[in-house]
Amino acid sequence: MSTRNGPFDPGPEGRATHLVLESTAGRLSLWPVWREVPAGWSVRFGPAPHAACAATLEPATRRTP
């Protein structure tokens, strides 16, 4: 069993490890900061901790105040 984390798993707590990208079609994606931003995508949010980036991807109705 591997203990190695994948690129989309949360990183060390409080570290700015991820981005939220937006495609030219308006789709959003969670992306690790160390990966190059693909053509046709731009940074919409971040760099920020995984939890903060993931929260921006949740529908507003699922967020807690």
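Residues numbered from 1 in each chain as written. Predicted model: local features only at pLDDT ≥ 70, side-chain atom pairs only at ≥ 80, totals over all residues. Heavy atoms only, no water.

1. Here we look at the confidence of the model for the protein chain
Taken residue by residue, the protein chain gives an average pLDDT of 83. The fraction at 70 or more is 74%. Within the protein chain, helix α1 (residues 50-57) has the poorest average pLDDT of any element, 92, and strand β3 (residues 41-48) the best, 96. (pLDDT = per-residue confidence, 0-100. Helix = DSSP H or I, 4+ residues; strand = E, 2+ residues; numbered from the N terminus.)

2. Re the sheet that holds strand β1 (residues 18-23)
Taken together, the three strands give an open sheet; going across it, the order is β2-β1-β3, and neighbouring strands pair in antiparallel fashion. Each having just a single partner strand, β2 (28-32) and β3 make up the two edges of the open sheet. Averaged over all pairs of adjacent strands, the angle between strand axes in this sheet comes to 30 degrees, irrespective of strand direction. Here β1 runs beside β3; their pairing, made up of five bridges, is antiparallel. Bridging across to β3, Leu21 finds its partner in Val43. (Pairing = 2+ DSSP bridges. Axes fitted to C-alpha atoms, helices over the stretch in contact; angles between N-to-C directions.)

3. Focus: the environment of Pro47
On the secondary structure map, Pro47 appears in strand β3. C-alpha separation for the pair Pro47 and Trp31, spaced 16 residues apart in sequence, amounts to 9.5 Å. Residue contacts for Pro47: discarding those within four places in its chain leaves Ala16, His18, Leu19 and Val33. (Contact = heavy atoms within 4.5 Å.)

4. Some points on the environment of Asp9
One can find Asp9 in the segment before β1. Residue Asp9 is classed as partly exposed on the basis of its relative accessible area of 36%. It is 7.8 Å that separates the C-alpha atoms of Asp9 and His50, two residues lying 41 residues apart in sequence. Contacts of Asp9, omitting those with residues within four sequence positions, involve His18 and His50. (Buried < 20%, exposed > 50% of the residue type's maximum accessible area, 1.4 Å probe, protein only.)

5. What about the pairing of β1?
Of all the six residues making up β1, five are buried; the element is thus mostly covered by neighbouring parts of the structure. Strand direction decides the pairing type here: β1 and β2, joined by five bridges, are antiparallel. Bridging across to β2, Glu22 finds its partner in Leu28. Count of turn residues in the β1/β2 antiparallel hairpin: four residues, of which Gly26 carries a positive phi of about 90 degrees.

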